[in-house]
Amino acid sequence: MSPEISTPHPGELSLGVLVEYSEYMRERFSMALLEMPHADFVAPLGLSWKFKDIRDLFAHLVDTEDQWIRCVLEGDDQDPPGRKAYPDAAATVRRWEDVRRHTREHLEQLDAAGLEREIVAPFHMKPRFRVKQVFMHLLIHEAHHRGQITAAMRMRGIAPPPSDLYDYLAEQLQ
């Protein structure tokens, strides 16, 4: 991780700590996803959510990150593959890892000036964001949808992985 992103003290919140926490949670949720019965992965949630099933939640989470990095930050106008890229848990985890790897590579190339660079988001009245704000948005967005995935897993009788930032920080500080 670049010096601009890393933190001298692991308990201090920074972009670097939040990225590491996100990576930790992604691994835990990937393992839980691979252990989940396929029927639960694609079973209708029966809620008025935008997402029909757990697969839709994961697809949204991964495709949103991909679009922000590739399309907004890098200028690639290719659409994400959508639901067809998520036929089962294994394909979902592979796609998530590919997007995660690309995000890490992008982030590792940034210096302080790169993190402060302003971009224009192509939606919601085209606001201006600093690149660092985009990464913070993605991390918060992911945590929000991990909460929805946790609720959906519990609705299906599946124990979700623990996901509190507190637990992650306590483990890192030992």
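Everything here concerns the structure above.
Residues numbered from 1 in each chain as written. Predicted model: local features only at pLDDT ≥ 70, side-chain atom pairs only at ≥ 80, totals over all residues. Heavy atoms only, no water.

(A) Geometry of the overall build of the protein chain. For the protein chain, the count of helices and strands is 7 helices and 2 strands. Traced from its N-terminal end to its C-terminal end, the protein chain shows the element sequence α-α-α-α-α-β-β-α-α. Taking 2.2 N^0.38 as the reference for a compact globule, 174 residues should give roughly 16 Å; the C-alpha atoms of the protein chain span a radius of gyration of 17 Å, in line with that estimate. When contacts within the protein chain are restricted to residue pairs at least 6 apart in sequence, long-range pairs at least 24 apart make up 68% of them. Looking at the protein chain as shown, the accessible area adds up to about 9,400 Å², and 54% of this sits on carbon and sulfur atoms. (Helix = DSSP H or I, 4+ residues; strand = E, 2+ residues; numbered from the N terminus. Rg over C-alpha atoms; globule rule 2.2 N^0.38 Å. Contact = heavy atoms within 4.5 Å. Areas by Shrake-Rupley, 256 points an atom, 1.4 Å probe, with all protein chains shown as cover.)

(B) Structural view of the pattern of salt bridges. Here the structure, examined in full by the defined rule, presents 20 salt bridges. For the salt bridge of R101 with D98, the shortest nitrogen-to-oxygen distance reads 2.6 Å. Of this pair, R101 and D98 both sit in helix α4 (residues 89–108), separated by 3 residues, roughly a single helical turn. Through salt bridges with shared partners, one network takes in E23, R26, E65, E97, D98, R100, R101, R104, E142 and R146. (Salt bridge = Lys/Arg side-chain N within 4 Å of Asp/Glu carboxyl O.)

(C) Representation of the environment of A152 within the structure. You can see A152 is positioned in helix α6 (residues 131–155). For A152, a relative accessible area of 0% gives the class buried. For the pair formed by A152 and V62, sequence separation is 90 residues and the distance between their alpha carbons is 17 Å. Among residues more than four places away in sequence, those in contact with A152 are L45, I54 and L57. (Buried < 20%, exposed > 50% of the residue type's maximum accessible area, 1.4 Å probe, protein only.)

(D) A look at the side chain of H141. Looking at the element boundaries, H141 is found in helix α6. Filtering out sequence-adjacent residues up to four positions away, H141 remains in contact with H60, L61 and T64.

(E) Just the packing of helix α3 (residues 54–73) against α6, in detail. Viewed as axis vectors pointing N to C, α3 and α6 meet at an angle of 175°, and their least axial separation amounts to 9 Å. Our classification of the angle between α3 and α6 gives roughly antiparallel. Here α3 contributes I54, L57, F58, H60, L61, T64, E65, W68, I69 and L73 to the contact with α6, which in turn contributes V131, V134, F135, H137, L138, H141, E142, H145, Q148, I149, A152 and M153. Across the contact of α3 with α6, the residue classes tally to 14 nonpolar, 6 polar and 2 charged. (Axes fitted to C-alpha atoms, helices over the stretch in contact; angles between N-to-C directions. Parallel < 35°, antiparallel > 145°, perpendicular 65-115°, else oblique. Nonpolar A, V, L, I, M, F, W, Y, C, P; charged D, E, K, R; others polar.)

(F) Here's a closer look at the nonpolar core. Grouped together as the largest cluster of nonpolar side chains are 29 residues, with contacts concentrated most on L33, M36, I54, F58 and M153. Going through the elements one at a time, α1 (15–35), α3, α4, α6 and α7 (165–173) are the ones with two or more residues in this core. When residues of this core are assigned to their parent elements, the largest contribution, 7 residues, is made by α1. The residues contacting L33, other than those within four sequence positions of it, are F41, F58, A89, T92 and V93. L115, V131, V134 and F135 belong to the second largest nonpolar core, which has 17 residues in total. (Core = buried A, V, L, I, M, F, W, Y, C linked by side-chain atoms within 4.5 Å.)

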